[in-house]
Every structure is written in C-alpha cells, then in structure tokens.
Amino acid sequence: MRAFESTTWSPPPDWQRFTTIDLHAEGEPLRVLATGLDPIPGSTILDKRRYAQQHLDGLRRALILEPRGHADMYGAIITEPASPDSDLGVLFMHNEGWSTMCGHGIIALVTCLLETRLRPSTFPSLDCERLAAKGELRIDAPAGQVIARATLAPDGQRVARVTFRNVPSFAYALDQVVDVPGLGRVRYDLAFGGAFYAYVDAAEIGLGLEAGDYRALIEAGMAIKRAVMATREIRHPFEPDLSFLYGTIISGPPRDPAHQARNVCIFAEGEVDRSPTGTGVSGRAALEYARGRLRPGQPFTIESILGTTFTVTIVDEVNFGGFPAVIPEVSGRAWITGRHEFVLAPDDPLRDGFLLR
C-alpha cells in the first residue's frame, strides 16, 4: 500500500484550520495555538480573558475536548502583551473554561517559544530571537505578570529547564472544616498561587497518591471543591475575576526521601494534573511559610502523581492586599511532543467538541 502523503489532500476553503505545537511539562500536556486565530482584543489580559470567554469558547472546546483532545487536555493562546514592560501575554484553557494562571503552562510555553522560534498568528510580531538573546521573558497572565528564564541544554538549542517567578502567593485560611458527602468532616487550608486551591491531607481522607488512585482522587477532589464552594465565599484582594476556587490539592509524603512532599491536583471539571502543578506548589509554599516550616531561599521539591517534580523556592516576602505573601520561583522541565493541523468541517455536528468522563 502506498504511504499516505499529507500534500495529496487539502481541506475545502470553507473549513476552519488551526495548527498547534504540543508539549508536556513533567507529564502535563500543553497545546499551544500557532495559527488560525487573529490577535485577541482587550487593553488588559483580564479583558482578553473575558473576550475569550464570550467569543472563543467554541475554539476552546474544539481544541481541548474530544475528538481532537481529551478530558485532561490543557491549552494556551499567546497574546500581545498588556503591560508596557512585558514581552507577551497568555491565556490558558482547559475542559471547563479559561484559567487565571498555569505554572506548567509557563514552563512548556517558554520551552516552545525558545525551541521553535514561533511567530503565532495571535501575535505575529513576537520576536523569539530577541527573547532568547535577552534571556528573560516577562509574560502577562490573568493573575499578573510572571518572569521566566530558561537554562539551555549543552547543545545551546534545547531548553533544559525553565524557572519562573510567580505572582504573590498567600495563605488565605488555615484549618478550616467542611462536611463533604461520602467523606464526612474534612479539614482543609486555602491558598492562592495564581489560583485558589483547597489543600487536604491524603491520609486524613483515606486516599493514596498513586496512579491507581486516579478515579478516587477525582471523586474526592471534586466533592471537596463543591462543598467548599457551597459553604464559603472566596475573594481575591484586588480582582473579582480571580475570586473563585479552582481546584483541590491532595497532599502526602514524598516517595523519594530527597523530596519534601507529593501533591495531586484535581481542578476544573475533574481534570487531574500530571505535573506537581506550578500554581499549586506556589500556594503550598505560601502555606508552609505561614506555618513557619519554609524559609526564603530554602528549596522545596514536590512530586506529582507520576513522580515527576517541580521545585519551589521563596525569593521574597511581601504584603499583598493585607495578606502576608511570598514571591515563589518554580522550576521544571518540558518537552515538545508533536505538531498538529486541525480542521473544522462546517457540517460536522461535533465540530465544537464534547466531553465524556
């Protein structure tokens, strides 16, 4: 049989076409939109996020959900910067909507830009050559500006590691208790690391943190998230758009004695983060700081459900809207996994995607 040649077929002119670059950061996927969309309007990144929520949700569903994606897919759209000293902006998307910040996404996005020198259709004047020479990327995310730098591999072409300085992270509430159907009374902490999470101890709810515990972790994490959302209001000090509970992080001891903890994050509509969760480890650092167990400059390495790791280090202490907060730096790795061209036929009844769990 003759091998299929991609040049032998082109979609009809009325079909939408999108190209992406796919990566994973310590196991968690990121699908970066390369072409197929014009620049997103909005004077701030939160404005751009609101525009995406109102006008681009069909695109999100098409690229993230089945049949082109899956329930645990994650994506990013590069935007023009909104801050005068930033190099670019980014919007992150998942199975439920548009997130406010994503640590694994920053690590994968920086790897993508520096290894491919991408010029996305949403920001065609992006100059990755300049960013590579500069050695630092200032990125506008909905939660605030983050500053990333890459460590190159010995060949000078590949990115070996990305470290980013996150937004101020803080403990929001400690030692709270909520009644959760099927679990009883559950103790939890609330913290912000670019998004709000409820942190619970795995042993206290009788769960393990291995791949075989995947389904039970989803059920428990979503039950806890819903119970917390139903019983208390969460308010970001400055931005109403950030005032919601994003997920549950279930924590326990590390499997490797060289590490300090293990986290499994259940977020959005039951997604399980395969990485240790960049925003989650930032919030975890804020909790450890609030309890006097983590000092500035002290590395804290957290495992994922796969055993992959992020390392978080507190680099500064600040007051953030009345909360004693920290500035965390998070470090991890990412790899390119593929390039894709997706098409949307106008008569496809499932063109906007669907979700089965």
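Criteria and thresholds
Residues numbered from 1 in each chain as written. Predicted model: local features only at pLDDT ≥ 70, side-chain atom pairs only at ≥ 80, totals over all residues. Heavy atoms only, no water. Helix = DSSP H or I, 4+ residues; strand = E, 2+ residues; numbered from the N terminus. Contact = heavy atoms within 4.5 Å. Polar contact = N/O pair within 3.5 Å; in protein donor to acceptor, adjacent residues only side chain to side chain. Salt bridge = Lys/Arg side-chain N within 4 Å of Asp/Glu carboxyl O. Buried < 20%, exposed > 50% of the residue type's maximum accessible area, 1.4 Å probe, protein only. Expected span 1.5 Å × (residues − 1). Core = buried A, V, L, I, M, F, W, Y, C linked by side-chain atoms within 4.5 Å. Domains from an automatic or database assignment. Buried area = accessible area lost by both parts, 1.4 Å probe.

Once that is clear, we can look at the environment of Tyr172. Relative to the assigned elements, Tyr172 resides in strand β9 (residues 169–180). Linking Tyr172 and Arg235, residues 63 residues apart in sequence, is a C-alpha distance of 9.3 Å. Once residues lying within four places of it in the same chain are set aside, the contact partners of Tyr172 are Leu190, Ala191, Phe196, Arg232, Glu233, Ile234, Arg235 and Phe323. In this structure the side chain of Tyr172 is engaged in a polar contact, spanning 3.0 Å, whose partner is the backbone nitrogen of Arg235.

One pass over the structure, following the stated rule, counts 29 salt bridges. Residues Asp241 and Arg50 are paired through a salt bridge, measuring 2.7 Å at the closest nitrogen-oxygen approach. In this pair, Asp241 is assigned in the loop between α5 (214–231) and β12 (245–252) and Arg50 in helix α1 (residues 45–55), connecting sequence segments 191 residues apart. The partly exposed category is assigned to Asp241, whose relative accessible area is 22%. A relative accessible area of 29% means that Arg50 is categorised as partly exposed. A salt bridge links Asp175 to Arg187, with the shortest nitrogen-to-oxygen separation between them at 3.1 Å. With a gap of 12 residues between them, Asp175 in strand β9 and Arg187 in strand β10 (residues 184–192) connect regions that are remote in the sequence. For Asp175, a relative accessible area of 43% corresponds to the partly exposed category. By relative accessible area, Arg187 is classed as partly exposed at 30%.

On to helix α3 (residues 103–116). Along an α-helix, residues three or four apart share an orientation, since each turn contains 3.6 residues. Between its first and last C-alpha atoms α3 spans 20 Å; for 14 residues at 1.5 Å apiece the expected length is 20 Å, and the two agree. Judged by how many residues are buried, α3 sits mostly within the fold: 12 of 14 residues are covered. Along α3, the residues that are buried comprise Gly103, His104, Gly105, Ile106, Ile107, Ala108, Leu109, Val110, Thr111, Cys112, Leu113 and Leu114. Backbone geometry just after α3 places Arg117 at a positive phi near 55°.

This next bit is on unusual backbone geometry. Note on backbone geometry: most residues besides glycine have negative phi, and most peptide bonds are trans. Between Glu66 and the following residue, Pro67, the backbone shows a cis peptide bond with an omega angle of 5°. Following the sequence through the fold, Pro67 ends up in the loop between α2 (57–64) and β3 (75–79). Positive phi, close to 55°, is recorded for Asp175, a residue that is not glycine.

Take the nonpolar core next. Formed by 96 residues in total, the largest nonpolar core has its most connected members in Ile78, Leu88, Ile106, Leu113 and Leu190. When residues of this core are sorted by domain, at least three fall in each of domain 1 (16–165 + 336–344) and domain 2 (169–330). Residues within four places of Leu113 in sequence aside, it is in contact with Ile78, Leu88, Leu118, Leu126, Cys128 and Leu137. In this structure, Leu37, Ile45, Ala52 and Ala62 belong to the second largest nonpolar core, which totals 19 residues.

A word on the domain arrangement of the protein. In terms of domains, the protein is made up of domain 1 (16–165 + 336–344) and domain 2 (169–330). Spacing between the C-alpha centres of domain 1 and domain 2 amounts to 24 Å. For the domain 1 and domain 2 pair, buried surface summed over both sides reaches about 2300 Å², with 51% attributable to carbon and sulfur atoms. Of all residues in domain 1, Glu26, Asp72 and Arg165 give up the largest surface area on contact with domain 2, accounting jointly for 27% of the area buried on that side. Our count for the contact surface shared by domain 1 and domain 2 stands at 5 salt bridges.

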